[in-house]
Amino acid sequence: MLDLTKVAKAMQGISQHLSTEVAASRQRLELAQDLMTAAYKNQAELMQRQKQWRDRILFSTAIPMEPLNTCIDLPVPPKTHTVLATDGSQIAPNHHEIAYCYLLNIGRVVLHYGQNRQPLLDSLPEVFYRPEDLYISRQWGIRTEEWMGYRRTASEATVLAELAAAVVGSREQGAGSRGKRAGGVGEAEEAEGEKNQLSTINHQLPTTNYQLPTTTPTLAMVDGSLIYWFLEQLPLEARDRILPPILTAWEQLKALGIPIMGYLSASRSMESLNFLRLQACIHEVPDCASFCPNQIEKVPCQVLEPLRDAALWSIQLQPGQRSTLWRSSARITELYGDCAIYFCYVHVGTEIARVEVPAWVAEDEALFNQSLGLMLAQVQKGYGYPVVLAEAHNQAVVRGGDRARFFAMLEQQMIKAGLRNVGISYKEARKRGSIA
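This structure is a prediction, so every number in the text was calculated from the model and none was measured.

Help me out: how do you make sense of a nonpolar patch on the surface in this one?
Taken together, Met11, Ile14 and Leu18 make up a surface patch of nonpolar side chains, about 280 Å² in accessible area. Looking at Leu18, the relative accessible area reads 47%, which means it is partly exposed.

And the structure:
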């Protein structure tokens, strides 16, 4: 139990500290604006330095694809469109429970606008209990709890691609059934055409008599970054079990013509600000390996630390505008093949959000702008956060009551199988209820 009286004493002085930080942050923002102005004038030269010395630069700096002072108004989305998303949650393995296993629950959401179609809101649970699922990561020095999170990331991408294929399939079949009706096909054939809807993972997508045209603008969204930084720390064999399914899912979305977008709320990234470090560098060339090899200590070009990208763009953008488009130079993206990651910052009204897309989306100007418009509409409908992502989270989240019912069902199955002495450990039993 938390003693709030003691907490109040421990919090004394925090307001004064925060006031000091606010004043310091204001000064850093003014300096960042000055550096931005200077970098805009020298942008071509800085980009040439970045390209020439990239192997000697010891920090990750994004590459601007547009002028640094870019502020573009986002387009109004079409009334008829579709948005889909996935999100995941889990029940972690616990040696004190009745069985050592874990569960992944992937929430799926499809929202149709202006189409008179029912939404899809459900989740797909999967239980992992075999030794090869529980202990395979031990050979790479990865705890099962961490491996579970990596598996969840891959499952979210795979399910999203399957969901997109189901949506596109239902459109194509709907277009075919309309063509048959136009040709005078009988009622039995019409009913068969409408009945023959594409399903995914044992779930029939809800449909109505109205079918989508194949050109309906569609956006697939995920919560969080498309740059999976955790992969850098994984051994090659472990990485090959996580990244290829993700890239395969992205290729499927590309083939379907459905853009994927990662949405980051309250982003802590500094990739675009790091570009300004090239302007702030006190040396003739940005040769960090020679001049500043010890990056653990603060180096001369870190004049904006700990300012974040979102803080800078909050004073550059107006609501409904996006920033310069950047290409990430994170080393892990070198393994993505031709799926380089581009990003920009968007003033969504309530905050500065970071938005990430693969190269094939960013390089298609019409598709990119349309995707940003659909994203902004989702934020407005969700009162500050994309409603499709919020609903995917709600479908995926495993609450305390769900966890208790899960283990109760597991206990019943174990008893039916003839297992005896089924129960939790004494430690877990004492933790759930005090006897003092």
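Picking up after the structure, the text goes on.
How should the side chain of Glu351 be read in this particular structure?
Here Glu351 lies in the loop between strand 12 (341-347) and strand 13 (352-358). Buried charge without a salt bridge: Glu351, with Arg268 as the nearest opposite-charge side chain at an N-O distance of 11 Å. Of note is the side chain of Glu351, whose polar atom sits 2.7 Å from the side chain of Ser265. In contact with Glu351, other than residues within four places in its own chain, are Tyr263, Ser265, Ala266, Val346 and Gly384.

Is there a simple way to think about the pattern of salt bridges in this case?
Close approach of charged atoms allows side chains of opposite charge to pair. The final tally for this structure, using the stated rule, is 10 salt bridges. Of the charged contacts in the structure, one is a salt bridge between Arg354 and Glu271, with a shortest N-O distance of 2.8 Å. With Arg354 in strand 13 and Glu271 in helix 9 (residues 271-280), the pair connects residues that are 83 residues apart, well separated along the chain. Exposure class is identical for Arg354 and Glu271. Each is buried. Here Glu356 makes a salt bridge to Arg354, at a shortest N to O gap of 2.7 Å. Relative accessible area serves as the criterion here: at 1%, Glu356 is assigned to the buried category. Of the residues examined, Arg354 reaches a relative accessible area of 2% and is grouped as buried. Three or more residues joined by partner-sharing salt bridges are found here, namely Arg143, Glu145 and Glu146.

Could you clarify how one ought to interpret the side chain of Thr324 in this entry?
Its place among the elements puts Thr324 in the loop between strand 10 (321-322) and strand 11 (326-327). A polar contact of 2.9 Å, which involves the side chain of Thr324, links it to the backbone oxygen of Pro67.

Help me understand the confidence of the model for the chain in this model?
Interpretation of the predicted coordinates at a detailed level should be avoided for regions scoring low in pLDDT. Across the chain, pLDDT averages 86, with 85% of residues at or above 70. Note on residues 181-214: pLDDT is under 50 here. Beyond four places in sequence and across chains, it has 58 contacts.

I keep staring at the environment of Ala39 and nothing clicks. Help me out?
Relative to the helices and strands, Ala39 is located in helix 2 (residues 14-41). Using a relative accessible area of 0% as the deciding quantity, one classes Ala39 as buried. The spatial distance from the C-alpha of Ala39 to the C-alpha of Phe275 is 8.6 Å, given a sequence separation of 236 residues. In this view, Ala39 contacts Leu46, Leu68, Leu276 and Gln279; residues no more than four positions away in its chain are not counted.

So what exactly am I meant to see when it comes to the packing of aromatic side chains here?
Counting across every chain of the model gives 11 aromatic pairs. On the numbers, 6.0 Å between centres and 55 degrees between planes, the contact of Tyr228 with Phe230 is tilted. One aromatic cluster in this structure is built from Trp140, Trp147, Tyr150, Tyr228, Phe230, Trp250 and Tyr336. Geometry around Phe59 places Arg277 over its ring, the cationic atom sitting 3.8 Å from the centre. For the cation-ring pair, Lys381 lies above Tyr113, with the distance from its terminal atom to the ring centre recorded as 4.8 Å.

Please clarify how the pairing of strand 13 should be interpreted in this entry.
In summary, the side chains of a regular strand alternate between the two faces of the sheet. In terms of residue burial, strand 13 counts as a mostly covered element, since 7 of its 7 residues are buried. Along strand 13, one buried face is formed by Ile352, Arg354, Glu356 and Pro358 and the opposite face, lined by Ala353, Val355 and Val357, is buried too. Note that strand 9 (residues 260-264) and strand 13 share 3 bridges and pair antiparallel. Considered in strand 13, the bridge of Gly262 is made with Glu356. Taken together, the 7 bridges between strand 12 and strand 13 define a ladder with antiparallel strand orientation. Residue Ile341 lies in a different strand from strand 13, and its bridge partner there is Pro358. Counted between consecutive antiparallel strands, the loop separating strand 12 from strand 13 contains 4 residues, among which Gly349 sits at a positive phi close to 105 degrees.

I would appreciate a short explanation of the pairing of strand 12 in the present structure.
The buried count for strand 12 comes to 7 of 7 residues, which makes it a mostly enclosed element. Neither face of strand 12 is exposed, since Ile341, Phe343, Tyr345 and His347 on one face and Tyr342, Cys344 and Val346 on the opposite face are all buried. One ladder, built from 2 bridges, connects strand 11 with strand 12; its direction is antiparallel. Bridging across to strand 12, Arg327 finds its partner in Tyr342.

Rules of the game
- Residues numbered from 1 in each chain as written.
- Predicted model: local features only at pLDDT ≥ 70, side-chain atom pairs only at ≥ 80, totals over all residues.
- Heavy atoms only, no water.
- Patch = residues over 30% accessible without salt bridge, like charges linked within 9 Å, V, L, I, M, F, W, Y side chains within 5 Å.
- Areas by Shrake-Rupley, 256 points an atom, 1.4 Å probe, with all protein chains shown as cover.
- Salt bridge = Lys/Arg side-chain N within 4 Å of Asp/Glu carboxyl O.
- Buried < 20%, exposed > 50% of the residue type's maximum accessible area, 1.4 Å probe, protein only.
- Helix = DSSP H or I, 4+ residues; strand = E, 2+ residues; numbered from the N terminus.
- Lys, Arg positive; Asp, Glu negative; His and termini not counted.
- Polar contact = N/O pair within 3.5 Å; in protein donor to acceptor, adjacent residues only side chain to side chain.
- Contact = heavy atoms within 4.5 Å.
- pLDDT = per-residue confidence, 0-100.
- Phe/Tyr/Trp six-rings, centres within 6.5 Å; stacked < 30°, edge-to-face > 60°.
- Lys NZ or Arg CZ within 6 Å of the ring centre and 35° of its normal.
- Pairing = 2+ DSSP bridges.

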